[in-house]
Amino acid sequence: GRLIKNIRGLQKNLNHFSKDYTHAFQVGKSSELGELEEQFVKMSEKIRNLIENIEKEKDAKRVAELRALQSQINPHFIYNSIDAISWMAKLKKPYSDIEKLSYHLGSFFRLGLHKGENLITVAEELQHVKSYLEIEKIRFPHLFEAEMEVEPEALEGRMLKIILQPLVENAINHGFKGIGHKGMIVIRIFSQGTAFVFSVEDNGRGMEVGSDALPQSESRSGGYALKNVNERLILEYGSGSALAFASSTGSGTTVRFRIEKAQMR
């Protein structure tokens, strides 16, 4: 009877360990299975250390991948903005335009760099997008308008930086290319159950979107930016936060992603 009791105790410990690797074995002092239990204790400790090391390595790898993706953001926007400043100066454009362009370019990079941190508040992410929009409006004064509809509750949440701006850039550079009407971009952030949904909508020319892949861009920079954003979202928040597109030729494009509120604290 005592032997059966000890075997059942060992079985119980093993069951606990299979569900929770942090579970610690208790070795009976006078157990006939003492030596076996001691071996299991040593084995469980090794397994626990291995799992913890793997988790640490996974976290380090995720951070490294996020930083690598962050560092690969295409710098063509810098060149275009500097060219615009130079062009205005050469044509003796009003100094107010040059001053505004320089101010918003400085704000754009100040928020984008953000002391090397990957996470910023939603309010800061939106300010980053606003700076980008102001620069593009100076460069293309009659091309588009933009609106933002944001639930105040979302503003203090923290999210990966430089996520919305590439989506807006894609709408301007590709959605509004060759259209015969004024473009409109609407950025929405709203609560949906346990998550916030981020949406960028445009009334551009649209595109054909497959059900299992990111849309194909006509330029390498456009396709690269979407892939970069998608990979960063999945690395940080999981596959449930991947980009989702709704579009067809001539009907504009909506791109959305969601982040659980618990992940934004």
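Scroll up a little and you will see the structure.
Predicted, not measured: the structure shown is a model, and the values here were computed from it.

J.: Tell me about the overall build of the protein, and please be specific about residues and values.
T.: When you go through the protein residue by residue, the secondary structure sums to 7 helices and 7 strands. Reading the protein from its N terminus to its C terminus gives the helix and strand order α-α-α-α-β-α-β-β-α-β-β-α-β-β. Taking all 265 residues of the protein together, 38% fall into the buried category. Sequence-distant contacts, at least 24 apart, represent 71% of the contacts inside the protein between residues at least 6 apart. Split by element, the accessible area of the protein, about 15,500 Å² in all, is 54% carbon and sulfur.

J.: Could you give an account of the pairing of strand β5 (residues 195-202), with specific residues and numbers?
T.: In terms of burial, β5 is largely enclosed, as 8 of its 8 residues are buried. Here β5 shows no split at all, with A195, V197, S199 and E201 on one side and F196, F198, V200 and D202 on the other all buried. Two strands pair when backbone bridges link them, and strand β4 (residues 183-192) and β5 are joined in this way by 8 bridges, in the antiparallel orientation. Counted as the bridge partner of V186 is E201 from β5. Between β4 and β5, which follow one another and run antiparallel, lie 2 residues, and G193 among them has a positive phi close to 65 degrees.

J.: An account of helix α6 (residues 164-175) is requested, with residue identities and associated values reported.
T.: With 12 residues, α6 extends 15 Å between its outermost C-alpha atoms, agreeing within 8% with the 16 Å of an ideal straight helix rising 1.5 Å per residue. Extensive coverage of α6 is indicated by the burial of 11 of its 12 residues. For α6, every residue scored as buried is listed here: L164, Q165, P166, L167, V168, E169, N170, A171, I172, H174 and G175.

J.: Talk me through the pattern of salt bridges; I want residue IDs and the actual numbers.
T.: What the rule picks out here adds up to 6 salt bridges. E201 serves as the salt-bridge partner of R188, at 2.6 Å between the closest nitrogen and oxygen. Taken as a pair, R188 in strand β4 and E201 in strand β5 lie far apart in primary sequence, 13 residues in all. Between E260 and R258 there is a salt bridge, and its shortest N-O distance comes to 3.7 Å.

J.: Can you tell me about the sheet that holds β4, naming the residues and giving the values?
T.: Pairing in this open sheet of 5 strands is mixed, and the strands run β2-β4-β5-β7-β6 from one edge to the other. Each of the sheet's edge strands pairs with one partner strand only, and the pair in question is β2 (144-150) and β6 (244-247). Strand after strand, the sheet turns through a mean of 15 degrees between neighbouring axes, direction not considered. In the sheet, β2 pairs with β4 via 7 bridges, with the strands oriented parallel.

J.: Got a sec to walk through the packing of helix α5 (residues 122-139) against α6? Specific residues and values, please.
T.: Where α5 meets α6, the closest approach of the two axes is 9 Å, and the angle between their N-to-C directions is 25 degrees. Considering the angle they form, α5 stands roughly parallel to α6. Considering how the two elements wind past one another, α5 and α6 form a crossing that is right-handed. Two secondary-structure elements touch here, α5 through E125, L126, H128, V129, Y132, L133 and E136 and α6 through L164, Q165, V168, E169, I172 and N173. Taken together, the residues of the contact of α5 with α6 break down into 7 nonpolar, 3 polar and 3 charged.

J.: Go over the side chain of H104, please, and point to the residues and values.
T.: Mapped onto the elements of the fold, H104 is located in helix α4 (residues 95-113). We classify H104 as buried; its relative accessible area is 14%. Residue contacts for H104: discarding those within four places in its chain leaves S131, E134 and I135.

Reading the values: the criteria
- Position numbers for residues start from 1 in each chain and track the written sequence from start to end.
- Since the coordinates come from a predicted model, pLDDT governs what is reported: local features require at least 70, and pairs of side-chain atoms require 80 or more to be given and counted, while whole-chain, interface and lining totals use all residues.
- Note: side-chain values were computed over all heavy atoms of the structure, leaving out hydrogens and water.
- Strands are runs of DSSP state E lasting at least 2 residues, helices are runs of H or I lasting at least 4, and numbering of each runs from the N terminus.
- With a 1.4 Å probe rolled over the protein chains alone, any residue whose accessible area is under 20% of its type maximum counts as buried; one over 50% counts as exposed, and the rest are partly exposed.
- Two residues form a contact once any of their heavy atoms are found within 4.5 Å.
- Only the protein chains shown count as cover for residues, and the accessible areas themselves come from Shrake-Rupley with a 1.4 Å probe.
- Two strands qualify as a pair provided DSSP detects at least 2 bridges between them.
- Multiplying 1.5 Å by the residue count of a helix minus one yields the expected span of that helix.
- By salt bridge we mean one thing: a side-chain nitrogen of Lys or Arg within 4 Å of a carboxyl oxygen of Asp or Glu.
- Lines fitted to C-alpha atoms define the axes here, with helix axes fitted over just the stretch in contact, and angles between the N-to-C directions of these axes take values from 0 to 180 degrees.
- When describing relative orientation, an angle under 35 degrees is termed roughly parallel and one over 145 degrees roughly antiparallel, while 65 to 115 degrees is termed roughly perpendicular and anything else oblique.
- Take the far helix as your reference; a near helix turned counterclockwise from it by less than a right angle gives a left-handed crossing, and one turned clockwise gives a right-handed crossing.
- When residue character is reported, Ala, Val, Leu, Ile, Met, Phe, Trp, Tyr, Cys and Pro are called nonpolar, Asp, Glu, Lys and Arg charged, and the others, Gly included, polar.

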